[in-house]
Amino acid sequence: MLLIGQYDSPFVRRVGIAMTLYGIAFDHAPWSGFGDVDKIARHNPLRRVPALVLDDNSVLTDSFVILEAIDDMVGPDRAFLGRAGADRIAMLRLCAFAAGVADKGVSLVYERAFREGLPMWVERCQSQVRDTLALLDAERAARTSEWLFGDQLSHADIVLATMLRFISEALPGMFAMSGLAALRRHSEACEALPVFQSICQPYQLTMPGEQ
Ligand SMILES: N[C@@H](CCC(=O)N[C@@H](CS)C(=O)NCC(=O)O)C(=O)O
């Protein structure tokens, strides 16, 4: 299998971390969404990352779909990052809030990089990020367990951390992190794990036409 996309994307990184924790062998193509768009387009007409090329050459896109597929590949007994029953909905709820913050962060990055920035859109995205970070911080603070769902890491723990690192690095200073103590503690605990250190790339936006 081939995982396409750079690890400075919070979405690619969450997939790379999950596959590594599951012990799934994969090749990695650290292609930039803009600098390497032609290479990506050969596999994924949507030209987005992450994309996972399966052994039969079919291609999956979107981190949620890819994680669903890899949980399925390892099977219910080994899919320790997933959850079942009510915990599954609770986990997906937090994943969606965290991935949503990352989505709005990506919009803000593009708004800044590709045009001057429509104030109404920028302010809307910033409010969405700010308020959802506050929600996630309160949710994390309310849980006293090592990880969000007990003593075992979950997909929600991973995306919370990949999102926070992305927001901090791609939009430095735009959002005050000082009031987000629980999220910062969570992020530090994740980033200290060897898998987070190996599946990692400092943020860098490559503009179209650059390599
Ligand atoms: N919902 C998607 C979001 C993926 C996404 O936004 N990827 C960005 C890079 S971080 C991308 O490919 N941007 C280029 C584009 O949208 O054209 C997921 O969870 O995988």
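The structure displayed is predicted, hence computed values, not measured ones. (Residues numbered from 1 in each chain as written. Predicted model: local features only at pLDDT ≥ 70, side-chain atom pairs only at ≥ 80, totals over all residues. Heavy atoms only, no water.)

### Some points on the environment of S145
Step number 1: Here S145 lies in the loop between helix 5 (119-141) and helix 6 (155-170).
Step number 2: On the basis of relative accessibility, which here comes to 27%, the residue S145 falls in the partly exposed class.
Step number 3: Taking the C-alpha atoms as reference points, S145 and C200, separated by 55 residues in sequence, lie 26 Å from one another.
Step number 4: When residues no more than four places from it in sequence are discounted, the contact partners of S145 are R140 and G150.
Step number 5: A polar contact is formed between the side chain of S145 and the backbone oxygen of W147, at a distance of 2.5 Å. (Helix = DSSP H or I, 4+ residues; strand = E, 2+ residues; numbered from the N terminus. Buried < 20%, exposed > 50% of the residue type's maximum accessible area, 1.4 Å probe, protein only. Contact = heavy atoms within 4.5 Å. Polar contact = N/O pair within 3.5 Å; in protein donor to acceptor, adjacent residues only side chain to side chain.)

### As for the pattern of salt bridges
Step number 1: If you walk through the whole model with that rule in mind, you get eight salt bridges.
Step number 2: E191 serves as the salt-bridge partner of R13, at 2.7 Å between the closest nitrogen and oxygen. Of the two residues, R13 sits in helix 1 (residues 10-22) while E191 sits in helix 7 (residues 181-191), which places them 178 residues apart along the sequence. Across the pair, E191 and R13 agree in class, each one buried.
Step number 3: A salt bridge links R165 to E191, with the shortest nitrogen-to-oxygen separation between them at 3.1 Å. Within this pair, whereas R165 is found in helix 6, its partner E191 is found in helix 7, the two being separated by 26 residues in sequence.
Step number 4: Given the relative accessible area of 25%, R165 is considered partly exposed.
Step number 5: Each of the salt bridges in this network shares a partner with another, and the network as a whole consists of R13, R165, E169 and E191. (Salt bridge = Lys/Arg side-chain N within 4 Å of Asp/Glu carboxyl O.)

### Here's the deal with the domain arrangement of the protein chain
Step number 1: When the domains of the protein chain are assigned, the result is domain 1 (2-79) and domain 2 (85-197).
Step number 2: The distance between the C-alpha centroids of domain 1 and domain 2 comes to 20 Å.
Step number 3: Across the contact, 15 residues belong to domain 1 and 21 residues belong to domain 2.
Step number 4: Summed over both sides, the interface between domain 1 and domain 2 buries roughly 1,500 Å², with carbon and sulfur atoms accounting for 71% of that surface.
Step number 5: Linking domain 1 with domain 2 are two salt bridges.
Step number 6: For R88, the salt bridge identified is with E68, shortest N-O distance 3.2 Å.
Step number 7: Linking domain 1 to domain 2 there are five residue pairs in polar contact (both at pLDDT 80 or more).
Step number 8: A per-element tally of the side of domain 1 that touches domain 2 places helix 1 first, with nine residues. (Domains from an automatic or database assignment. Buried area = accessible area lost by both parts, 1.4 Å probe.)

### As for the layout of surface pockets
Step number 1: Empty space within the largest pocket amounts to approximately 680 Å³.
Step number 2: In this structure, the largest pocket is lined by 29 residues; those nearest its centre are S9, F11, V49, V106 and Y110.
Step number 3: For the lining of the largest pocket, the secondary structure elements donating two or more residues are helix 1, helix 3 (63-74) and helix 4 (85-114).
Step number 4: When residues of the lining of the largest pocket are assigned to their parent elements, the largest contribution, six residues, is made by helix 4.
Step number 5: Grouping the constituent residues of the lining of the largest pocket by class yields 15 nonpolar, nine polar and five charged.
Step number 6: Here the lining of the largest pocket spans two domains, since at least three of its residues come from each of domain 1 (2-79) and domain 2 (85-197).
Step number 7: Taken as a whole, the second largest pocket holds about 170 Å³ of empty space. (1 Å grid on protein atoms, 1.4 Å probe; cavity = no way out; pocket = protein on both sides within 12 Å on 5 of 7 lines; lining within 4 Å. Points joined across faces, edges and corners; volume = space filled by probe spheres on them. Nonpolar A, V, L, I, M, F, W, Y, C, P; charged D, E, K, R; others polar.)

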